[in-house]
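# Overview (structure and organization)
Chain by chain, the residues run as shown.
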Amino acid sequence: LDVAPERWPALHARMLDDVAAASGVAAVGSAAIVPISGDSWVPTVIVEGSTEELNVYFNRVSPGTFAALRIPIGLGRDFAPTDDRSAPMVGIVSQSFARRYLGGGNPLGRRLDVLRSSRLPAWSMHVVGVVADIKVERLRDEPEPMVYVAAAQSPVPRPFMNLVVRPSGPVPDAIAAVKQAIAHVSPHISLDVDLLERRVRDSILRERLLALVSGFF
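Figured I'd write up the structure that's included with this text. These figures come from a predicted structure and were not determined experimentally.

### Side note on the nonpolar core
Side chains of nonpolar character tend, in soluble globular proteins, to be buried together. Core analysis: the biggest nonpolar cluster contains 41 residues, and F58, V93, L112 and Y148 have the highest contact counts within it. Those residues in contact with V93 that lie beyond four places of it in its chain are A98, L102, L112, V127, G129, V130, V131, M146 and V147. In terms of nonpolar packing, the next biggest core, distinct from the first, is built from 13 residues, L11, M15, V19 and A181 among them.

### Focus: the pattern of salt bridges
Enumeration over the complete set of coordinates arrives at 4 salt bridges. A salt bridge links D18 to R14; the shortest N-O distance between them is 3.9 Å. Here the residue D18 and the residue R14 both occupy positions in helix α1 (residues 8-20), the gap between them amounting to 4 residues, near one helical turn.

### With respect to the packing of aromatic side chains
By the definition in use, this model includes 4 aromatic pairs. Every member of this aromatic cluster is reached through a ring pair, and the members are W41, F58 and W123. Between the NZ or CZ atom of R60 and the centre of the ring of W41, over which it lies, the distance is 5.8 Å.

### Examining the pairing of strand β4 (residues 57-61)
Most of β4 is tucked away, with 5 of its 5 residues classed as buried. Across the two faces of β4 the burial is the same, with Y57, N59 and V61 and F58 and R60 all buried. Strand direction decides the pairing type here: β4 and strand β9 (residues 146-150), joined by 5 bridges, are parallel. Within β9, the position partnered with V61 by the bridge is A150.

### Points about the pairing of strand β6 (residues 90-94)
With respect to burial, β6 is a largely interior element, 5 of its 5 residues being buried. Residues of β6 alternate between two faces, with V90, I92 and S94 on one and G91 and V93 on the opposite face, all of them buried. When β6 meets strand β8 (residues 123-131), the two strands line up parallel, connected through 5 bridges. Across the sheet, the residue bridging to S94 is V131, located in β8. When β6 meets β9, the two strands line up antiparallel, connected through 3 bridges. Note on β9: the bridge partner recorded for V93 is V147.

The rules behind the values
- Residues numbered from 1 in each chain as written.
- Predicted model: local features only at pLDDT ≥ 70, side-chain atom pairs only at ≥ 80, totals over all residues.
- Heavy atoms only, no water.
- Core = buried A, V, L, I, M, F, W, Y, C linked by side-chain atoms within 4.5 Å.
- Buried < 20%, exposed > 50% of the residue type's maximum accessible area, 1.4 Å probe, protein only.
- Contact = heavy atoms within 4.5 Å.
- Salt bridge = Lys/Arg side-chain N within 4 Å of Asp/Glu carboxyl O.
- Helix = DSSP H or I, 4+ residues; strand = E, 2+ residues; numbered from the N terminus.
- Phe/Tyr/Trp six-rings, centres within 6.5 Å; stacked < 30°, edge-to-face > 60°.
- Lys NZ or Arg CZ within 6 Å of the ring centre and 35° of its normal.
- Pairing = 2+ DSSP bridges.

Shown next, in the form of structure tokens:
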């Protein structure tokens, strides 16, 4: 899809709006990293009041992603449509991040400073929410601390996105409606469909196979 980078956020927003309005869709969001994917984005961050450089998982999500994935917000708020490049930068952290690195006080309002890297500029954000943990790589792993960035505030916009859709009825009907909605935005947008249920099942099968193979040694 040949779209100028400055138009990516508007295109993403239109896709989310059109999919949300599609028949059979209960909730929709977008995420750079989805559960049980094995993907990772690990910048270096310093928590306000500390000098320790932390390498933790980051994720870039849109408003509605936590609802679509049924990830509870335990404290504070979700990202809002107004959390864009014109607004102060905000972040949401997982419970394990808040426990490990923000313990002993109210995490809301704490500043996180992301250090400059070869691929990212330096930037700062303030925590506006705390959400439940998710497992990124394997089901047997303990949840890793994670920081969520508002997709519309990402310092480096990306042309690709993972749409996260929770259907309100039969999955095949929702998939057809989502494909139609995205084709209406642009027929040139490519789309691959995967089910979270399938990811979980495949992860369980891999772990059982690993246990079986290990038993031969």
